[in-house]
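The primary structure of each chain is shown beneath.
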Amino acid sequence: MAIAMTASPQTVNAFVPLPTQSLSTIPLHLWGFGQKKSEPTPPTEEELQALDKGLNTVVKKYAGVARPQIKSVEEIKDFLEFLAEDDRLCVVKFHASWCKSCQKFGIRYKKLALQEGDKIDRRGAVLEKGRVRFAEVEFTANADLCKTLGVHKLPYIHIYSGSKGRVADFACGPKNFPLVIEKMNKFLDKEMSHFDKTMEAGSALGDHIATELQDQHFEEAASKVRKA
């Protein structure tokens, strides 16, 4: 279950203002104002078991070879640089070190990052690029940033899609982890659909140009024949 921030006395004493950069530097399209919230339908126990089985298969595949690259956000600058790094879909987990639900959630989050994100070796070198980039923000160390971004429960998830900014945000306990995958795949499908349409348009343009060149070549050849 997700933990409401008002329910824990630890959060009151744990607020630490960020020392380096003003929150006003966060672009408005990243704040996600006015987004509709809806309660997720809890998955069945069978669905959770199937999820864990799939994620564990990925862990076994890369055991001793690679680990997931999950960016740890220490300040606002880290957050903005992470989002601006490239146009891939970004998933950000907000958590707290004292939050037991966050710890359980984090196990699946790490496995998902290994499955869909960048794989790195022990030295931190990227072995394989994934479709999605992952990050995590510790609430206690980044209280002002979390509050500004509307994080009021833990664990909490943000999903960002390139220039569109934040496209989804929601509280998500360990048992509702399939919701993260559902939302992630939804936006990956949208990006792929847009890519396919762009490729189709490019292919059609290429065919048109090829036809024009063929016609031009035919006319030039015919003209030479007539002159001969």
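What counts as what
Residues numbered from 1 in each chain as written. Predicted model: local features only at pLDDT ≥ 70, side-chain atom pairs only at ≥ 80, totals over all residues. Heavy atoms only, no water. Axes fitted to C-alpha atoms, helices over the stretch in contact; angles between N-to-C directions. Helix = DSSP H or I, 4+ residues; strand = E, 2+ residues; numbered from the N terminus. Parallel < 35°, antiparallel > 145°, perpendicular 65-115°, else oblique. Left-handed = near helix turned anticlockwise from the far one by under 90°. Contact = heavy atoms within 4.5 Å. Nonpolar A, V, L, I, M, F, W, Y, C, P; charged D, E, K, R; others polar. Phe/Tyr/Trp six-rings, centres within 6.5 Å; stacked < 30°, edge-to-face > 60°. Buried < 20%, exposed > 50% of the residue type's maximum accessible area, 1.4 Å probe, protein only. Core = buried A, V, L, I, M, F, W, Y, C linked by side-chain atoms within 4.5 Å. Polar contact = N/O pair within 3.5 Å; in protein donor to acceptor, adjacent residues only side chain to side chain. Pairing = 2+ DSSP bridges. Salt bridge = Lys/Arg side-chain N within 4 Å of Asp/Glu carboxyl O.

**Q** Looking at this structure, how should I read the packing of helix H2 (residues 45–62) against helix H4 (residues 100–116)?
**A** Helix packing geometry: the angle between the two helix axes and the distance between the axes. As a packed pair, H2 and H4 sit with axes 9 Å apart at the nearest point and diverge in direction by 55 degrees. Taken as axis vectors, H2 and H4 run oblique relative to one another. Both H2 and H4 take part in a crossing whose hand is left-handed. Residues Leu48, Leu51, Asp52, Gly54, Leu55, Asn56, Val58, Val59 and Tyr62 of H2 touch H4, and the partners they reach there are Arg108, Lys111, Leu112, Leu114 and Gln115. Broken down by class, the residue content of the contact of H2 with H4 amounts to eight nonpolar, three polar and three charged.

**Q** Sorry, what's going on with the packing of aromatic side chains here?
**A** How two aromatic rings sit relative to each other is given by the distance of their centres and the angle of their planes. Across all of its chains, the model carries four aromatic pairs by this definition. Aromatic pair Tyr109 and Phe134: ring centres 5.6 Å apart, planes at 80 degrees, arrangement edge-to-face. A residue pair is termed long-range when its members are at least 10 positions apart, and Tyr109 in helix H4 and Phe134 in strand E7 (residues 132–138) qualify at 25 residues. Under the relative-accessibility criterion, Tyr109 is labelled buried at 1%. For Phe134, a relative accessible area of 1% gives the class buried. Aromatic ring contacts, followed pair by pair, group Phe105, Tyr109, Phe134 and Phe177 into a single cluster.

**Q** Teacher, can you tell me more about the nonpolar core here?
**A** For soluble globular proteins, the rule of thumb is that nonpolar side chains tend to be buried together. Counting 23 residues, the largest nonpolar core has Val91 and Val180 as its most contacted members. Among the elements of the structure, H2, strand E4 (89–95), H4, E7, strand E9 (156–161), strand E10 (166–171) and helix H6 (178–227) are those that each provide at least two residues to this core. At six residues, H6 tops the list of elements feeding residues into this core. Formed by 22 residues, the second largest nonpolar core is a distinct cluster that contains Ile76, Leu83, Cys102 and Leu149.

**Q** Sorry if this is basic, but what is going on with the side chain of Lys93 here?
**A** Along the chain, Lys93 turns up in strand E4. Of note is the side chain of Lys93, whose polar atom sits 3.2 Å from the side chain of Glu136. Each residue touching Lys93, except ones within four places of it in the same chain, is listed here: Phe105, Gly106, Tyr109, Ala135, Glu136, Val137, Tyr156 and Ile157.

**Q** Please clarify how the environment of Glu116 should be interpreted in this entry.
**A** Residue placement: Glu116 occurs in helix H4. For the pair Glu116 and Met184, spaced 68 residues apart in sequence, the C-alpha separation works out to 9.9 Å. Sequence-distant contacts of Glu116, defined by excluding residues within four places in its chain, comprise Gly130, Arg131, Val132, Phe134 and Met184. There is a polar contact of 3.3 Å between the side chain of Glu116 and the side chain of Gln115.

**Q** Is there a simple way to think about the pairing of E9 in this case?
**A** The side chains of a regular strand alternate, first on one face of the sheet and then on the other. In terms of burial, E9 is largely enclosed, as six of its six residues are buried. The sheet contact formed by E4 and E9 spans six bridges and is antiparallel. Counted as the bridge partner of Leu89 is Ser161 from E9. Here E9 pairs with E10 via five bridges, running antiparallel. Counted as the bridge partner of Tyr156 is Ala171 from E10. The turn linking E9 back onto E10 is made up of four residues, and Gly162 within it adopts a positive phi angle of 50 degrees.

**Q** Just checking my understanding: could you explain the pattern of salt bridges for this structure?
**A** Should their charged atoms come close, side chains of opposite charge can pair. Summed over the entire model, instances satisfying the criterion amount to ten salt bridges. A salt bridge links Arg133 to Glu85; the shortest N-O distance between them is 3.7 Å. Of this pair, Arg133 sits in strand E7 while Glu85 sits in the loop between helix H3 (76–84) and E4, and the two are 48 residues apart along the sequence. The buried category is assigned to Arg133, whose relative accessible area is 3%. Here Asp86 ties to Arg133 by a salt bridge, and the two come within 2.9 Å at their closest N and O atoms. Of this pair, Asp86 sits in the loop between H3 and E4 while Arg133 sits in strand E7, and the two are 47 residues apart along the sequence. Each of Glu85, Asp86, Arg88, Asp118 and Arg133 takes part in one network of salt bridges that share partners.

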